[in-house]
Amino acid sequence: MSSQALREAAETSKAWPFEEARKLVARLERSGRKEVIFETGYGPSGLPHLGTFGEVARTSMVRHAFRTLTGDRVKTTLIAFSDDLDGLRKVPDNIPNRDLVLPHLGQPLSQVPDPFGAYGSFAEHNNARLRAFLDQFGFEYKFMSSTETYKSGRFDKALLRMLDCFNEVQAIMLPSLREERAATYSPFLPIHPRTGVVMQVPVLAHDSSAGTILWRDLATGEEFETPVTGGHCKLQWKPDWAMRWYALGVDYEMAGKDLIDSVKLSSRIAQVLGADPPAGFNYELFLDENGQKISKTKGNGLTIEQWLAYASPESLSLFMFQKPTAAKRLYFDVTPRTVDDYLGFLEAYPRQAWKERLGNPVWHIHSGSPPEPEVLTHNGQGLTTISFAMLLNLVAVSNTDNPSMLWGFLRRYYPVASPETHPRLDSLVRYAVAYFRDFVAPKKRYREADDVERTVLMQISSRLSEVSTNASADEIQHVLYDIARPIPRYQDYAAKGATTARPGVSNEFLI
């Protein structure tokens, strides 16, 4: 397909990444800029979770759709921004060595010791976890640290602009706050020169010409005049968000629906600073198994590593693609269905016209180049995609945690199949074994067979040993049914075609 034909199809595609990308095309036409900046934010107060990944994945899908619409003639950059200068408000529940972290409450996350003992700070540890996962998925992004950008002077011009607009920013923020909070609110949070704590104190005075604020330590009564530049202050998060849009020229950023009001406030502040607020949309939140919002500090819901222990990376991307504006339960039991949904979309892709392909999730998951589906053939006839549900059934029937056992069944269907010839199928086999081991096997309960069942099982073993290795599935089924028909417990006279002489076989036998 020619690039022109692809763009024409993209211009009418109803897939949500293209709908979002068309907003950016219109924005670009208004601004005349030569580059489009995408941003995603991360608060490293807790370990990265799937919501964090979802924001990067979805934004990357919009970015790729934009590049398709513009023929890749416009430079694009995706910034993954970590707010690691934020003060630690509480110690997360899901970390070791909590006593090591507790004395550092209020200090910037980049100054809090790493409770895992692997990095120089808690923020550095969490930032590394985020970057490692984004790299594993092959995302193209530019990582930025709040601590680095503030301290390097990168934000100095924007911070001085915020100081110039101090009163206008206060006029936007104060009506949104409770009376008690409004009485002490300031967009600037000075960092205490001795304790290193990010101070939540009222500003007594501000001097735009000097670039400073005056504030008092409420514990000691001592007053300090602190520069707003050079990392000596940070901004409250809504003004900080607006300042980043202004300083970095952000064109697109999505956010959760719980931040709708925050987006509105930050957009108004960005306009006061002189920036056009970015385009974007509000996605719905992920819920845990109890229907509660997933939280980094609580550690509820699935982690990135947990999903990937039982399902493919592509299935995780599909989960993020589907219905981003609908709340979705994110727990272990959603993974098998999502894996099979992905396989179904991948299997359908080669048969689709281009208009349908651009609406197929795999086009967006694989940045326009989805792989060929892996299929098996039997006796040279037909092509079959092995589903995750089928593999889970095989594991349950064989009651094994050995992937080689499953490959033995698969080779009976397609003798030349192997982990080497079908690597993605081999991954599915291993996911199925892990899922069965951790979620199915612990809940299985067994009972002794009664006399009827014991007799039937012995007959099945004897009769199947006599069946030819070339027997068809229908022939094997007939052997099993002939064992069941004479036994009253398994007779079904209501079955289609059943007669007194030849009853049907009930579901009880099949179960």
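It should be noted that the structure appears before, not after, this text.
Draft legend 1. Focus on the side chain of Glu 39. Of note, Glu 39 is situated in strand β1 (residues 35-42). When its relative accessible area of 0% is taken as the criterion, Glu 39 is described as buried. A polar atom in the side chain of Glu 39 sits 3.0 Å from the side chain of Arg 244. Setting aside its immediate chain neighbours within four residues, Glu 39 contacts Leu 78, Ile 79, Phe 81, Trp 241, Arg 244, Trp 245, Leu 248, Val 250, Tyr 252 and Glu 253.

Draft legend 2. Local environment of the packing of aromatic side chains. This structure, assessed with the given rule, holds 24 aromatic pairs. Look at Trp 215 and Phe 224: their rings are 4.8 Å apart centre to centre, the planes differ by 25°, and that puts the pair in the stacked class. Given a relative accessible area of 10%, Phe 224 falls into the buried group. Within the aromatic cluster, the residues linked to one another by ring pairs are Tyr 310, Tyr 331, Phe 332, Tyr 435 and Phe 439. Lying across the ring of Tyr 349, Arg 357 places its NZ or CZ 4.6 Å from the centre. In this arrangement the basic side chain of Arg 357 is found over the ring face of Trp 354, its NZ or CZ atom lying 5.1 Å from the centre.

Draft legend 3. Focus on the sheet that holds strand β5 (residues 203-207). Pairing is antiparallel across the open sheet formed by 3 strands, whose spatial order is β5-β6-β7. Edge strands, defined here as strands with exactly one partner in the open sheet, are β5 and β7 (223-227). On average, adjacent strands in this sheet sit at an angle of 20° to one another, irrespective of strand direction. Here 4 bridges tie β5 to strand β6 (residues 212-216), and the two strands are oriented antiparallel to one another. Residue His 206 lies in a different strand from β6, and its bridge partner there is Ile 213.

Draft legend 4. Broad picture of the packing of helix α2 (residues 16-31) against helix α3 (residues 50-69). Remark: α2 packs on α3, axes separated minimally by 8 Å, with the N-to-C direction vectors making an angle of 60°. With respect to α3, the axis of α2 lies oblique. Handedness of the α2/α3 crossing: right-handed. For the pair formed by α2 and α3, the contact residues are Trp 16, Pro 17, Phe 18, Glu 20, Ala 21, Arg 22, Leu 24, Val 25 and Leu 28 on the first element and Arg 58, Met 61, Val 62, Ala 65, Phe 66, Thr 68 and Leu 69 on the second. Residue classes in the contact of α2 with α3 are distributed as 12 nonpolar, 1 polar and 3 charged.

Draft legend 5. Region of the structure containing the packing of helix α17 (residues 388-398) against helix α19 (residues 423-440). Contact pair α17 / α19: the axes reach a minimum separation of 9 Å and the direction vectors enclose 50°. The angle between the axes of α17 and α19 places the two elements in the oblique class. Viewed along their axes, α17 and α19 form a crossing whose handedness is right-handed. Contacts between α17 and α19 involve Phe 388, Leu 391, Leu 392, Val 395 and Ala 396 on the former and, on the latter, Leu 425, Leu 428, Val 429, Tyr 431, Ala 432, Val 433, Tyr 435 and Phe 436. Classifying every residue of the contact of α17 with α19 gives 13 nonpolar, no polar and no charged.

Draft legend 6. A look at the nonpolar core. Formed by 79 residues in total, the largest nonpolar core has its most connected members in Phe 53, Trp 307 and Leu 391. The contacts of Phe 53, once residues within four sequence positions are left out, are Phe 133, Phe 137, Phe 139, Ile 304, Leu 316, Ser 317 and Met 320. Leu 85, Val 198, Ala 242 and Leu 248 belong to the second-largest nonpolar core, a separate cluster that totals 42 residues.

How each quantity is defined
- Residues numbered from 1 in each chain as written.
- Predicted model: local features only at pLDDT ≥ 70, side-chain atom pairs only at ≥ 80, totals over all residues.
- Heavy atoms only, no water.
- Helix = DSSP H or I, 4+ residues; strand = E, 2+ residues; numbered from the N terminus.
- Buried < 20%, exposed > 50% of the residue type's maximum accessible area, 1.4 Å probe, protein only.
- Polar contact = N/O pair within 3.5 Å; in protein donor to acceptor, adjacent residues only side chain to side chain.
- Contact = heavy atoms within 4.5 Å.
- Phe/Tyr/Trp six-rings, centres within 6.5 Å; stacked < 30°, edge-to-face > 60°.
- Lys NZ or Arg CZ within 6 Å of the ring centre and 35° of its normal.
- Pairing = 2+ DSSP bridges.
- Axes fitted to C-alpha atoms, helices over the stretch in contact; angles between N-to-C directions.
- Parallel < 35°, antiparallel > 145°, perpendicular 65-115°, else oblique.
- Left-handed = near helix turned anticlockwise from the far one by under 90°.
- Nonpolar A, V, L, I, M, F, W, Y, C, P; charged D, E, K, R; others polar.
- Core = buried A, V, L, I, M, F, W, Y, C linked by side-chain atoms within 4.5 Å.

Read these as geometric descriptors, not functional statements.
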